[in-house]
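Given next are the chains, with one letter for each unit.
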Amino acid sequence: MTLSVPGFDLLRLPGADGVELTAAVGGSGSPVVLLHGFPQTHLMWRHVAGRLADRHTVICPDLRGYGASDKPVATGPEVYSKRAMAADVVALAAALGHERFALVGHDRGALVAFRAGLDHPETITHLGILDVVPTLDMWDVLHGVPAAVGYHLFLMAQPPGLPETMIANSADAFFGSFLDAWAGDPAALPPEVRAAYLRASAAAVPSIVADYRASAGIDVTHDRADLDAGSQLAMPVTVIQQDWGARLGYDAAGVWRAWAPDLDHRLTGAGHFMAEEAPDEIAGAIRELLLR
């Protein structure tokens with residue numbers, strides 16, 4: 001049995017480039033798309049989605065390469081670029097009849113959402129970002145011993161072969177270590193949910209690594225091109241983060257303000273898996289974003 005958002009329909013929908021995505025869809029009203037992070041699936045939105053569904057059509061896809069969505073072979077860096085993954089989301093929403101929608105992403109999904117906001121400003125009405133900085137800035141703020149928290153970014157940036165082999169040979173230990181270390185409240189990830197994340201991640205090692213490898217290459221190229229062009233996010237943006245600025249020694253709000261003139265930047269006391277640890281807080285922040 002596939003765990004999903006209670007009361008939502010689980011659908012197969014077209015993304016970009018012939019890729020199909022699996023998405024949980026429910027509620028009614030103006031559309032909101034919620035993108036999951038690593039090492040998770042759309043299941044991470046099970047609490048928040050229900051809280052939004054009374055006023056919104058809520059769409060929770062598994063990203064390309066994750067969960068029950070297609071996992072195309074990475075024949076080139078563009079296959080798992082955030083640009084391609086953002087195009088998936090726009091195509092999926094269009095297939096459901098939504099030419100414009102609000103978009104909220106967590107972790108990897110937030111990087112996809114960021115790219116969608118830059119590439120499709122006419123489509124994304126509001127943008128929510130949970131617990132990341134843009135890819136280009138991420139590499140800039142990781143330095144010294146504190147950067148060890150992001151060791152997986154460097155591991156999966158290596159050329160094809162070694163990272164996939166190492167991770168596949170210890171998949172549960174590898175993916176489980178992030179679920180354990182990043183959860184401020186372990187009870188927010190009950191055993192059946194944790195097991196679902198581990199199963200999905202172990203079945204997607206090559207595509208997950210390809211997603212991360214793109215963030216050390218083609219995604220940086222795309223971000224730098226936008227930075228050089230002076231591109232910014234045109235829509236209202238809410239960013240909710242742990243206090244990474246204090247931990248890693250940078251101005252997190254300042255980083256985001258350079259990209260998002262209409263910014264609401266918030267710190268949370270919840271752990272990384274904030275949509276599961278503090279769903280009332282996150283759902284409330286999304287509702288406030290949608291009123292801007």
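One can find the structure itself at the top, above this paragraph.
Residues numbered from 1 in each chain as written. Predicted model: local features only at pLDDT ≥ 70, side-chain atom pairs only at ≥ 80, totals over all residues. Heavy atoms only, no water.

1. Looking at the sheet that holds strand β6 (residues 124-130)
Sheet strands line up and pair through hydrogen bonds in the backbone, either parallel or antiparallel. Ordered in space as β1-β2-β4-β3-β5-β6-β7-β8, the eight strands form an open sheet in which the pairing is mixed. Strands at the two margins of the open sheet, each flanked by one partner only, are β1 (9-14) and β8 (263-267). When strand polarity is set aside, the average angle formed by the axes of neighbouring strands in this sheet is 20 degrees. Bridge count for strand β3 (residues 30-35) against strand β5 (residues 101-106) is four bridges, and the pairing is parallel. Note on β5: the bridge partner recorded for L34 is V104. Sitting on the sheet, helix α12 (residues 252-259) touches β6, β7 (237-241) and β8, and the angle it makes with β8 is about 160 degrees. (Pairing = 2+ DSSP bridges. Helix = DSSP H or I, 4+ residues; strand = E, 2+ residues; numbered from the N terminus. Axes fitted to C-alpha atoms, helices over the stretch in contact; angles between N-to-C directions. Contact = heavy atoms within 4.5 Å.)

2. Some thoughts on the pairing of β3
Burial within β3 is extensive, with five of its six residues counted as buried. In terms of strand pairing, β3 meets strand β4 (residues 56-61) through four bridges, oriented parallel. Paired with S30 across the strands is H56, a residue of β4. After leaving β3, the chain enters helix α1 (residues 46-52) and then returns to the sheet as β4, a path that is right-handed. (Buried < 20%, exposed > 50% of the residue type's maximum accessible area, 1.4 Å probe, protein only. Right-handed = clockwise from strand over helix to strand, strands pointing away.)

3. A few points about the nonpolar core
Counting 97 residues, the largest nonpolar core has L34 and L103 as its most contacted members. The dominant element in this core, judged by the number of residues it contributes, is helix α3 (residues 108-119), at seven residues. Once residues lying within four places of it in the same chain are set aside, the contact partners of L103 are V33, L35, V89, A113, A116, I124, H126, L127 and G128. (Core = buried A, V, L, I, M, F, W, Y, C linked by side-chain atoms within 4.5 Å.)

4. A short note on the packing of helix α2 (residues 82-95) against α3
At a closest axis distance of 8 Å, the pairing of α2 and α3 adopts a crossing angle of 80 degrees. The orientation of α2 with respect to α3, classified from their angle, is roughly perpendicular. Residues K82, R83, M85, A86 and V89 of α2 lie in contact with α3, whose contacting residues are R108, L111, V112, R115, A116 and D119. (Parallel < 35°, antiparallel > 145°, perpendicular 65-115°, else oblique.)

5. Focus on unusual backbone geometry
Look at the link from F38 to P39: it is a cis peptide, with omega at -10 degrees. Counting through the fold element by element, P39 comes out in the loop between β3 and α1. Within the chain, D131 stands out as a residue other than glycine whose phi angle is a positive 65 degrees. Within the secondary structure layout, D131 lies in the loop between β6 and α4 (135-141). Classification of D131 as buried rests on a relative accessible area of 5%.

That is the geometry; function is a separate question.
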